[in-house]
Amino acid sequence: PLIELVTLQVTLVSISIGGLLVVAALSERRESEQRLDRLANHDPLTGLANRSYFQSYLERTISHCERSGSQMSLLFIDLDRFKNINDSRGHEVGDEVLRIVANRLTEAMRSDDFVARLGGDEFAMVMTHPKTLRAARRVAMKLIESLSEPFVIEGSRYSISASIGISVSPDDGVDVNSLLRQADMAMYQAKQKRSGFEYFSHELNALAHEQLQ
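The structure reproduced in this document is the subject of the present report. This one's a predicted model, so the numbers in the text were calculated from it and none came from an experiment.

## Concerning the overall build of the chain
Scanning the chain for helices and strands turns up seven helices and seven strands. The linear arrangement of helices and strands in the chain, starting from the amino end, is α-α-β-α-α-β-β-α-β-β-β-α-β-α. The buried share among the 213 residues of the chain stands at 39%. Restricting the contact set of the chain to residue pairs at least 6 apart, pairs at least 24 apart contribute 66%. When the accessible area of the chain is evaluated, it comes to approximately 12700 Å², of which 53% is carbon and sulfur surface.

Take a look at the structure:
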């Protein structure tokens, strides 16, 4: 009986250790998958979604809006004067500016918005709201105000601003490329006019084709 009791205790300990090892292995595997997912879908500098993940999210959002009959807005955000800072003060300062920009965009967005870094000094935000145009205008103004605040890095102050182009689905298109292109077009109009932000319009599209010709 004593031998059987000892054998049983050893067996239980072995099962317990084996179970812990399985849990540890599963936990390590899950953490590894999360790291790989983050590397694949997020910008390593800012931690925001990258362009690939953003386009996938935008496509899903467009499909959802089509099914539900709702609207969504796409804000294309480009930083003004960033190149001057990056060229004159170096990439370390430029990278820190981009990280601060990412934090300010995250703080300014609503809980159901989605923000990403598309590359360089270009960012984008997806908004879903019943009053899309009005909500997009409020958020665009909030972003411009936030990004106009000085950036203090290593005791030095830097100033930038942002130009934002806004396109709306389904009014301006129902596919990723069209909405990105139109928001980008509106952003350049805002940059030229120094107006802060502009909505895409079909008149703007006709003007762009005329200039291209």
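## Brief notes about the environment of Asp87
Topologically, Asp87 is positioned in helix α3 (residues 82–89). Side chain to side chain, Asp87 and Lys83 meet in a polar contact 2.7 Å long.

## A word on the sheet that holds strand β1 (residues 72–80)
An order of β2-β3-β1-β6-β7 is seen for the five strands of this open sheet, with the pairing classed as mixed. Of all the strands in the sheet, just β2 (114–119) and β7 (197–199) have a single pairing partner and so form its edges. Across the sheet, the axes of successive neighbouring strands diverge by a mean angle of 20 degrees, strand direction being ignored. The pairing of β2 with strand β3 (residues 122–128) spans five bridges and is classified as antiparallel. Bridge pairing in β3 links Ala116 to Ala124. Of the strands in this sheet, β1, β2, β6 (161–169) and β7 are in contact with helix α6 (residues 176–193), which crosses β6 at around 145 degrees.

## Considering α3
Along α3, the positions that sit buried rather than exposed are Phe82, Ile85 and Asn86. One face of α3 carries all of its buried residues, which in axial projection span an arc of 95 degrees. For α3, the exposed residues lying more than 90 degrees away from the buried face are Lys83, Asn84, Asp87 and Ser88. Where α3 is buried, its residues meet β1, α4 (91–108) and β5 (156–158). Of the residues flanking the end of α3, it is Gly90, one or two places downstream, whose phi is positive at about 100 degrees.

## What to know about the pairing of β1
The buried fraction of β1 is high, at nine of nine residues. Both faces of β1 are covered, namely the face carrying Met72, Leu74, Phe76, Asp78 and Asp80 and the face carrying Ser73, Leu75, Ile77 and Leu79. Note: β1 against β3, seven bridges, orientation antiparallel. Bridge pairing links Leu75 to Met125 in β3. Here nine bridges tie β1 to β6, and the two strands are oriented antiparallel to one another. Residue pairing for β6: Met72 is matched across the bridge by Ser169.

## With respect to the pattern of salt bridges
Throughout the structure, instances matching the rule amount to eight salt bridges. Ionic pairing is found between Lys83 and Asp87, a salt bridge with its closest N-O pair at 2.7 Å. Residue Lys83 and its partner Asp87 are located together in helix α3, separated by four residues, close to a single helical turn. With respect to burial, Lys83 and Asp87 carry one shared label: exposed. For the salt bridge of Asp113 with Arg110, the shortest nitrogen-to-oxygen distance reads 2.7 Å. A network of salt bridges, in which partner residues are shared, links Asp78, Asp80 and Lys191.

Scoring rules and cut-offs
- Residues numbered from 1 in each chain as written.
- Predicted model: local features only at pLDDT ≥ 70, side-chain atom pairs only at ≥ 80, totals over all residues.
- Heavy atoms only, no water.
- Helix = DSSP H or I, 4+ residues; strand = E, 2+ residues; numbered from the N terminus.
- Buried < 20%, exposed > 50% of the residue type's maximum accessible area, 1.4 Å probe, protein only.
- Contact = heavy atoms within 4.5 Å.
- Areas by Shrake-Rupley, 256 points an atom, 1.4 Å probe, with all protein chains shown as cover.
- Polar contact = N/O pair within 3.5 Å; in protein donor to acceptor, adjacent residues only side chain to side chain.
- Pairing = 2+ DSSP bridges.
- Axes fitted to C-alpha atoms, helices over the stretch in contact; angles between N-to-C directions.
- Arc of directions from axis to C-beta.
- Salt bridge = Lys/Arg side-chain N within 4 Å of Asp/Glu carboxyl O.

Coordinates in, geometry out; function isn't part of it.
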